[in-house]
Amino acid sequence: MIVRSIWPATVALLLAGLSSCKNEGPAASVSAAGSEASEVSENAENAQPAPPDEVAQPGRALWFASGLGRDAILARERRDHAEAVRLLDALLQTDLPRAERAGAQWLRGLEDLQDDRFAAAADRFAEAAEAPELAPVQARLVRLEAQARLDAGQPQRALELVRGVTAKARERSGLAEAFAVIEADALLRTKARDEARKAYEAYLAKHPKGKHRMGVSIKLARMLASEEGDAAAHAKAVKLYESILLEAPLSDYGEEAAGALPDLRKSAGVSRSAKDRAAFERRLAVARMDAMLSARRYKGATKAADALLRKGADEATRCRALYVKGSAIFKQRRRADARATFDRAAASCKKAKGVTTYEVKSRYQGARGLYAAGKYDKAALAFSSLAKEHAKNSYADDAWVLAGESWSEHGDDTKATSAFESALAVDGDMKDEARRRLLLLAFSAGNAARALALCDEALEGAIAHPTTKSKLHYFRGRALASLGKRDAATSAWVDAVQTDPLGYPAAQAMSRLHEAGPEAFERGLAMLQRETPKADAATTSKGAERAVLLARLGLGDDAREELDIAGVRGWPAVAVLNQAGLYAEAQRTLANLGTAWRKAPPGPANLPVWRLAHPRPFAELIDGYEESHGVPDLLAFAVMQTESRFNPGATSWAGARGLIQLMPATAKGVAKKVGVEVDKDDLYDPATNLNLGMHYLAGLVARYGGGPGAVALAIPSYNAGAGAVDKWLRERGGWELDLFIEAIPYDETRKYTQSVFGRWWAYRWIYGEGDPAERVPLLPKATPQKV
């Protein structure tokens, strides 16, 4: 049993002078270092306790230390507009210190904007801007007030506000683009059309890839189109509208452009040959088709592709259209049905020039269609043929791996081995996967010597990812143990722990060390508790100061923008984003930091960065539900981190929703079991999502008997369904658990299982109390069975 530490999650945001809500010191230092160290559980039948009141994540120093203001920030993060308004209005009725009143007015002004109360919002922003404590971000308040004045029908006042900000101040704030657009809009609304036109044109000339370019382009096009009798202006409007239509054909701007162009071309006197008109229409059709595929409007993409094909397109366009149609079918999980379309695409692509990539991709996807149809021998031959004919293509090693997988499913391990060895010889990005497959074949055949040789050969080279290297050490130990070399096996498992201390392979290694005896296990624990280098993530800049100030107000999007403007990257950015409650963005930033930090286990010198990487948002909900629902301690954090990156509003391509990514049908079944009613949109509510999701997760753990071994089966059940895991148990349930996990046939599910389990161990190790040995999730050798 893990006892969760009550010590707050240590995220040291060393903000010189930013104590409470004061700002009277030097620039902030943002640091993550230097601080101290469809199963439902039986509990579902019991009455549910009311979820505890939500409080901010430990370590989040918000603008308001407690009370109405803090609750208002949390309500805004939940997008509970009515509650935020109620709390802020009550707060503003009290006698507040200047800084707190300014912060409350800022937040209340943002709520006014939600209700289109622009004049009231502008007045609040103006008051907030007077507070010295908000001086570092005054430019943001001026921008907000100016836009609100503009929307309230006060363009002259908006113009005065933006022109009161010097060019230097605009650039320094990072908001120059926004100020330029507001100024141009204000000029237009004050009837200074010539100045407005020049301002819009100047913006597009200076910021051709700017974030406001589409809005500016459409406004300028409207202005030019409204110039009566000015054919030259109309011709410029045509160019702008056509550019908008090609870049964003499915947007409202694209729709407006499509409606305006026919008459505008006539008034501009634009005359094109039939060939040029056809070329433009073809470009537009392709743009619409691609946009529909990107937007996951698969039926629309299929119709758009068919329309292109009916028009008798050239081979290159036919190639592209057939590839998109095949992809649209494939992405609807109709992989076998997509094969015929991909075959047609490959044939057209072969005839066309300069589209070899589409030919290769079409053949590759067509072979996947054969695999999905269960025609494994034909799929293997198709993959092998592709790899041989396009040996220099980046898809070659992928094709060899899937050829090997197909031969394995066909029952021909000899040909599978040959295909995987061919992938290994390519030395591409699938080399590690090919080797992993060969190791699995060797172990399943009882050929420990071959497995050992594969590991030794790989470990002689450079392996960048610590988890991949750790897994090789683990399997090396497994092979040595099978060959009776116990001491060498122990050393290999210790190496696995040293390489990637809190990864899934190291969890397996610690489990084997525990079985080897107390001395071996102590060696592993010593490796987990070794002295680690300091991980210093401090940065000092005005930009960091502004970002932290905004984060403390709960203005996450603004804080993220300030980080980008100031060029704050890495751990300091993760710290600020966590502080702002932007956990999903923090996790994306973390993913770009590489894996070097994982090589050292959490210790006094680097524990802060491990906690930054493994935050505990919604802890008060999760702590209560874990106990009442029977979910293993801290497991929900690992699932949530993997499923949604802690984003309550996340929606998957398949329709799974919320923090723990529940499908509406699954949620409905769980809700019925526990006696509550739920709508699919309720799954975006953290309390509802976690309540139902953790009931479901608890049931899966109980299904396989409980304990870490059951967790290792519950995780793939959560991803692929319990029925799939039960099927694999019938096929390979007699295998040892490490090989059973490696043999999960779905790549996504296998990687998901190992990722979630590794994260679970990390959460246990970081936040657990008591004997370190209790924090290790010991996995059994034998694969658990369904209870």
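Here the structure is shown first, and the text comes after it.
Just so it is clear, the structure is predicted and the values come from calculations on it, not from any experiment. (Residues numbered from 1 in each chain as written. Predicted model: local features only at pLDDT ≥ 70, side-chain atom pairs only at ≥ 80, totals over all residues. Heavy atoms only, no water.)

What should I look at first to understand the overall build of the chain in this one?
A count of helices and strands for the chain gives 40 helices and four strands. Relative to its length of 787 residues, the chain is compact, with a C-alpha radius of gyration of 30 Å against a globular reference of 28 Å. Each principal axis of the C-alpha distribution contributes one length, and for the chain these read about 90 × 75 × 55 Å. When each of the 787 residues of the chain is scored for burial, the buried share is 53%. (Helix = DSSP H or I, 4+ residues; strand = E, 2+ residues; numbered from the N terminus. Rg over C-alpha atoms; globule rule 2.2 N^0.38 Å. Buried < 20%, exposed > 50% of the residue type's maximum accessible area, 1.4 Å probe, protein only.)

Help me out: how do you make sense of unusual backbone geometry in this one?
Among all residues except glycine, the phi angle is most often negative; among peptide bonds, the trans geometry is most common. Even without being glycine, Phe646 reaches a positive phi, approximately 70 degrees. Summarising the element assignment, Phe646 is placed in the loop between helix H33 (635-643) and helix H34 (664-674). What makes Phe646 buried here is its relative accessible area of 3%. We note that Gln661 has phi near 55 degrees; this positive angle belongs to a residue other than glycine. As for its placement among the helices and strands, Gln661 is situated in the loop between H33 and H34. Take Gln661: its relative accessible area is 10%, and that puts it in the buried class.

Please explain the nonpolar core as it appears in this structure.
The nonpolar side chains of a soluble globular protein tend to be buried, and buried together. By size, the foremost hydrophobic cluster in this structure holds 177 residues, and its most contacted members are Trp106 and Leu134. The greatest single-element share of this core, amounting to 10 residues, is contributed by helix H39 (residues 747-767). Setting aside residues up to four positions removed in sequence, Trp106 forms contacts with Phe125, Ala128, Leu134, Val137, Arg140, Leu141, Leu144, Leu550, Leu553 and Leu555. Judged by nonpolar contacts, the second largest core, of 42 residues, contains Leu159, Tyr200, Ala221 and Val238. (Core = buried A, V, L, I, M, F, W, Y, C linked by side-chain atoms within 4.5 Å. Contact = heavy atoms within 4.5 Å.)

What's the story with helix H5 (residues 138-151) in this structure? I'm lost.
For H5, spanning 14 residues, the distance from its first C-alpha to its last is 20 Å, which sits close to the expected 20 Å at 1.5 Å a residue. In terms of burial, H5 is a largely internal element, 10 of the 14 residues being buried. Of the residues trailing H5, Gly153 is marked for its positive phi of about 80 degrees. (Expected span 1.5 Å × (residues − 1).)

Explanation requested: the pattern of salt bridges in the structure shown.
Two side chains carrying opposite charge are able to pair once their charged atoms lie near each other. Applying the stated criterion across every chain, the model contains 60 salt bridges. Residues Asp726 and Lys786 are paired through a salt bridge, measuring 3.8 Å at the closest nitrogen-oxygen approach. Placement of the pair is Asp726 in helix H37 (residues 722-732) and Lys786 in the segment after helix H40 (772-775), with a sequence separation of 60 residues. Residue classification places Asp726 among the buried residues on the basis of a relative accessible area of 11%. Take Lys786: its relative accessible area is 47%, and that puts it in the partly exposed class. Linked through salt bridges whose partners overlap, the residues forming this network are Glu405, Glu433, Arg436, Arg437, Lys471, Glu742, Asp747 and Arg750. (Salt bridge = Lys/Arg side-chain N within 4 Å of Asp/Glu carboxyl O.)

It is not clear to me how the packing of helix H21 (residues 431-444) against helix H22 (residues 448-459) should be interpreted in this structure. Could you clarify?
In helix packing, the relevant descriptors are the interaxial angle and the interaxial distance, both defined with respect to the helix axes. In the contact formed by H21 and H22, the axes pass within 8 Å of each other and the chain directions differ by 155 degrees. In terms of their interaxial angle, H21 and H22 are classed as roughly antiparallel. Regarding H21 and H22, the two cross each other, and that crossing is left-handed. Residue-level inspection shows Arg435, Leu438, Leu439, Ala442 and Phe443 of H21 in contact with H22, the latter providing Arg450, Ala451, Leu454, Cys455 and Ala458. (Axes fitted to C-alpha atoms, helices over the stretch in contact; angles between N-to-C directions. Parallel < 35°, antiparallel > 145°, perpendicular 65-115°, else oblique. Left-handed = near helix turned anticlockwise from the far one by under 90°.)

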